[in-house]
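Observations on chain architecture
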Amino acid sequence: MTKIFEQDQLAIILADERRAGRTIAFANGIFDLLHVGHVRYLAAAARQADRLVVGVNSDASTRALKGAGRPVIPSAERVEILAALESVDYVVVFDEPTCDALLGRLKPDVHCKGTDYTSATVPEAATVLAYGGRIAIVGDPKDHATRDLIERIRARRPDGC
């Protein structure tokens, strides 16, 4: 059974989940070079509801946000890796720099963000609150970052590339 869906398909599936009385949590990110911080964030997000949807920035939106050379892993592979995690129920890709449009469409009960945010700094807060959702700050302290991992890998290479 696949966990990876297009946005239209996922909206239908989530409507069925709601009719069955289940709640929906949503977490998002780039998830380039999956690390323990990502795993802890997603596990904590999954505890917020009955089902967890993970929104993944497309390759184009990742490049726009992070610059040349990113993502390291293409979105098709990133979503496959995320779908393999037990804590993740559904995975969907979005093209915009924020997940506002996707949140407005899927209307999850709770929008989960990592501890590098506060309720006041979540970019999509107005969207979530407008449809009656709530925001949860979840995961462990932001002690892990993909850019730091990339830098550590580069530093260990003899040519520094």
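Residues numbered from 1 in each chain as written. Predicted model: local features only at pLDDT ≥ 70, side-chain atom pairs only at ≥ 80, totals over all residues. Heavy atoms only, no water.

What follows is about the overall build of the chain. Across its full length, the chain holds seven helices and five strands. Starting at the N terminus and walking to the C terminus, you meet the elements of the chain as α-β-α-β-α-α-β-α-β-α-β-α. A burial count over the chain gives 43% of its 161 residues as buried. Per element, the accessible surface of the chain, about 8400 Å² overall, is 53% carbon and sulfur. (Helix = DSSP H or I, 4+ residues; strand = E, 2+ residues; numbered from the N terminus. Buried < 20%, exposed > 50% of the residue type's maximum accessible area, 1.4 Å probe, protein only. Areas by Shrake-Rupley, 256 points an atom, 1.4 Å probe, with all protein chains shown as cover.)

This paragraph deals with the pattern of salt bridges. According to the stated counting rule, one finds eight salt bridges in the structure shown. Among the ionic pairs, Asp8 bridges to Arg105, the shortest N-O distance being 2.0 Å. Separated by 97 residues along the polypeptide, Asp8 in helix H1 (residues 7-19) and Arg105 in helix H5 (residues 100-106) bring together distant segments of the chain. Judged by relative accessible area, which is 49%, Asp8 ranks as partly exposed. Within the structure, one salt-bridge network assembled from shared partners comprises Glu17, Arg22 and Arg51. (Salt bridge = Lys/Arg side-chain N within 4 Å of Asp/Glu carboxyl O.)

Moving on, we come to the nonpolar core. Grouped together as the largest cluster of nonpolar side chains are 22 residues, with contacts concentrated most on Leu42, Leu52, Val54, Leu82 and Cys112. Listing elements by their share of this core, those giving two or more residues are strand E1 (24-29), helix H2 (36-46), strand E2 (51-57), helix H4 (75-83) and strand E4 (110-113). Contact partners of Cys112, with chain neighbours within four places excluded, come to Ala25, Phe26, Ala27, Asn28, Tyr41, Ala45, Gln48, Ala136 and Val138. Ranked by size, the runner-up nonpolar core spans 17 residues in total, among them Tyr90, Leu102, Leu106 and Ala125. (Core = buried A, V, L, I, M, F, W, Y, C linked by side-chain atoms within 4.5 Å. Contact = heavy atoms within 4.5 Å.)

On the surface, Leu34, Val39 and Ile81 cluster together into a nonpolar patch covering about 210 Å² of accessible area. Secondary-structure assignment places Ile81 in helix H4. (Patch = residues over 30% accessible without salt bridge, like charges linked within 9 Å, V, L, I, M, F, W, Y side chains within 5 Å.)

This paragraph deals with the packing of aromatic side chains. With the rule as written, the count across this model stands at two aromatic pairs. Pairing Phe31 with Tyr41 gives two aromatic rings, centres 6.4 Å apart and planes at 15°, and the pair type is stacked. Residue Phe31 is found in the loop between E1 and H2, and its partner Tyr41 is found in helix H2; the two are separated by 10 residues along the sequence. According to the relative accessible area criterion, Phe31 is buried, its value standing at 5%. Residue classification places Tyr41 among the buried residues on the basis of a relative accessible area of 9%. Note that Lys113 overlies the ring of Tyr117, its terminal NZ or CZ placed 4.6 Å from the centroid. (Phe/Tyr/Trp six-rings, centres within 6.5 Å; stacked < 30°, edge-to-face > 60°. Lys NZ or Arg CZ within 6 Å of the ring centre and 35° of its normal.)

Attention now moves to the sheet that holds E1. Strand order in the open sheet formed by five strands is E3-E2-E1-E4-E5, and the pairing between neighbours is parallel. Edge positions in the sheet fall to strand E3 (90-94) and strand E5 (134-137), since each has one partner strand and no second. With direction set aside, neighbouring strand axes in the sheet form an average angle of 25°. Relative to E1, H2 is tilted by about 160°, and along the sheet it contacts E1, E2 and E4. (Pairing = 2+ DSSP bridges. Axes fitted to C-alpha atoms, helices over the stretch in contact; angles between N-to-C directions.)

In regular strands, side chains alternate between the two faces of the sheet. Most of E2 is tucked away, with six of its seven residues classed as buried. With respect to chirality, the unit in which E1 leads through H2 into the neighbouring parallel E2 is right-handed. Across five bridges, the pairing between E2 and E3 is parallel. Following the sheet pairing, Gly55 is matched in E3 by Val92. (Right-handed = clockwise from strand over helix to strand, strands pointing away.)

Right, let's talk about H4 for a bit. Side chains three or four residues apart in an α-helix point the same way, a direct result of the helix having 3.6 residues per turn. Regarding H4, the residues found buried are Ser75, Arg78, Val79, Leu82 and Ala83. On an axial view of H4, the arc spanned by its buried residues comes to 130°, and they lie on one face. Exposed residues on H4 whose side chains face more than 90 degrees from its buried face are Ala76 and Glu80. In this structure, the buried side of H4 is in contact with H2, E2, helix H3 (59-66) and E3. (Arc of directions from axis to C-beta.)

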